[in-house]
Amino acid sequence: MEGYQEEIFKEKIISFLKTLPPNTGTTLAEVVIHTGIAIEWAEYTLRQLMDDFPVYVEINEKNELVYFFDTQPKPVSLKTLKKTLQWAYKASWWLVTVSFKAWILAMLFTYFLFNFAILIGGLLVVAGEGGGALLEGIFSLFGKVFGAIGDFFFKIIGWKSEKQIDLEEENATKRIALRMDGKTEQEIDAILTPAVIPQKNEDDLLQQIFSYVFGATNTEIYNDEYWEKRTLKLIEANKGILHASDLVKLQGISLHNARLHATKLVARHRGEISVNEHGIIAYHFPELITENTAEKPAPIWENPTPLEKMNDNDKETNQAIGWINGFNVLMSFISTFAIQFWFYGDSVMPDWVLLTSLIIPFLFSTVFFTIPLLRKPFVYFRNLSIKKQNDKAKTFKRIFEKFEHDRNNIENNPENNTKLIPENTQEEQIFIALEGTPTAGDNGKVGFDFPEIKNEIS
């Protein structure tokens, strides 16, 4: 813009904002008066600062927008330390991932092939000595093991086992019936046997084994980017309009955080903020209006966070991986005994042979089984936390269902405007975060009303 001096204007406005007492907002008029910046430049610079600092807007008694900026930056040392730790964590995890995958390739399958060769050699010896019945029993036992392993490898390279073909035929019939019932494809995929749902390309052999040991990697990440995309879809569905209550309903957050998020979106997506005659703040995004008939994203109580899985694999894959590793554990003893018997007889086996044939594969396979067992309690407690978060979403459902009830009934019967009584401490905290107004009822219990949200959705 001609005549616009961004850095100078930003510095002037930030200096003025820092003179304000804590938790004190300012209007556009006050910014202009205290900085001497032309009103159009002051308004534009405030919009630029929305992307630099946490900010939300409220209205005063004159229905003017009041900007609340947090211009106190975090200490540089803490920000630098946090960034350094994040970088170190990512680098360490990448090193662990690469190293472990290389270790798997070198150890698990090398020893599997080595032990398999020893097993075949031993079976040939038994057969040559007339141990037919024993050989038949051994073949029957290992037939089950290698059958599961075979299905696993067929799946990896794209071949289909007979069992998978049967499942696909069965599920094709079920899919037609579910479609007739009105189920979406996503809902159908969740209902049908996961084993026949196509896997992602990255689910290769090493990735599946890595997931078996270290846990699920193909989970949907509920981060800031995820929530912003859902919010933008909501704005599209609302034809470019957003209220703080919309974000409360979508994300299950406090009113304060909803205002912060909405204001940040205004800065990022060329939005505008307006106040109507009732004092309700609306966030407008004219450039996000499309001709599409967009469906509103589901509210927080219909979009629960999925529980964490132990890994990305289906049951058959995990069983096959377990059989391979269990085979190596068992064969580490049998192979050592066979090597001793075939090559050393009554002599003492060298230490390096004992190390490579027994100790290393046994320790590797033990660690391979131990890590998932150690992860299990952590996954359990994280899922307890997720369940608590999903239970919290039910409180938001209760609140917004009350709003819907009031909107449909209050005009005809004002006595229906009952207060919501919190059922537990967590609900009471949510009511307070939504700026609920507590009122003591005739029964002595404190009920809450939510005028801020109610005004926006009425």
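Computed from a prediction, not measured in an experiment: that's the story for all the values here.

Undergrad: Tell me about the overall build of the chain, and please be specific about residues and values.
TA: When helices and strands are counted, the chain shows 15 helices and 7 strands. Contacts in the chain between residues at least 24 apart in sequence constitute 67% of all its contacts with a sequence separation of at least 6. Summed over all atoms, the accessible surface of the chain reaches about 27800 Å², with 58% contributed by carbon and sulfur.

Undergrad: Account for the packing of helix H2 (residues 28-35) against helix H3 (residues 39-49), with residues named and values stated.
TA: Packed helices, taken two at a time, are described by the angle between their axes plus the distance between the axes. Following both chains from N to C, one finds H2 and H3 inclined at 115 degrees, their axes separated by 10 Å at the closest point. Between H2 and H3 lies a crossing of right-handed hand. The segment H2 lies against H3, with Leu28, Val31 and Val32 engaging Ile39, Ala42, Glu43 and Leu46. Looking at the contact of H2 with H3 residue by residue, the classes come out as 6 nonpolar, no polar and 1 charged.

Undergrad: Tell me about the nonpolar core, and name the residues and values.
TA: Residues Phe69, Leu242 and Tyr283 are the most contacted members of the largest nonpolar core, which totals 53 residues. With 23 residues, the next largest nonpolar core counts Tyr212, Ile321, Phe327 and Phe364 among its residues.

Undergrad: I'd like a description of the packing of aromatic side chains, backed by residues and values.
TA: A complete count under the given rule lists 12 aromatic pairs for this structure. For the ring pair Phe333 and Phe362, a centre distance of 5.5 Å and an interplane angle of 70 degrees mean the geometry is edge-to-face. Residue Phe333 is found in helix H12 (residues 315-344), and its partner Phe362 is found in helix H13 (residues 351-409); the two are separated by 29 residues along the sequence. Exposure remark for Phe333: the relative accessible area of 45% places this residue in the partly exposed category. Of the residues examined, Phe362 reaches a relative accessible area of 31% and is grouped as partly exposed.

Undergrad: Describe helix H1 (residues 6-19), listing the residues and the values that go with them.
TA: Taking 1.5 Å per residue as the helical rise, H1 with its 14 residues ought to reach 20 Å, and the 20 Å between its terminal C-alpha atoms agrees with that figure. Taken as a whole, H1 has its buried residues at Phe9, Lys10, Ile13, Ile14, Phe16 and Leu17. An end-on view of H1 places all buried positions within 160 degrees of arc, on one side of the element. Those residues of H1 that are exposed and aimed more than 90 degrees away from the buried face are Glu7, Glu11 and Thr19. Looking at the packing, one finds that the buried side of H1 touches H2, H3 and strand S2 (65-69).

Undergrad: Outline the pairing of strand S5 (residues 281-284), supporting the account with residue identities and numerical values.
TA: Where strand S3 (residues 241-242) lies against S5, 2 bridges are found, and the strand directions are antiparallel. Each residue of the ladder has a partner; that of Leu242, found in S5, is Tyr283. Summarising the sheet, strand S4 (residues 272-275) and S5 pair through 4 bridges and their orientation is antiparallel. The residue of S5 that forms the bridge with Glu272 is His284. Counting the residues that bridge the hairpin from S4 to S5 gives 5 residues, and of these Gly279 lies at a positive phi of roughly 80 degrees.

Calculation notes
Residues numbered from 1 in each chain as written. Predicted model: local features only at pLDDT ≥ 70, side-chain atom pairs only at ≥ 80, totals over all residues. Heavy atoms only, no water. Helix = DSSP H or I, 4+ residues; strand = E, 2+ residues; numbered from the N terminus. Contact = heavy atoms within 4.5 Å. Areas by Shrake-Rupley, 256 points an atom, 1.4 Å probe, with all protein chains shown as cover. Axes fitted to C-alpha atoms, helices over the stretch in contact; angles between N-to-C directions. Left-handed = near helix turned anticlockwise from the far one by under 90°. Nonpolar A, V, L, I, M, F, W, Y, C, P; charged D, E, K, R; others polar. Core = buried A, V, L, I, M, F, W, Y, C linked by side-chain atoms within 4.5 Å. Buried < 20%, exposed > 50% of the residue type's maximum accessible area, 1.4 Å probe, protein only. Phe/Tyr/Trp six-rings, centres within 6.5 Å; stacked < 30°, edge-to-face > 60°. Expected span 1.5 Å × (residues − 1). Arc of directions from axis to C-beta. Pairing = 2+ DSSP bridges.

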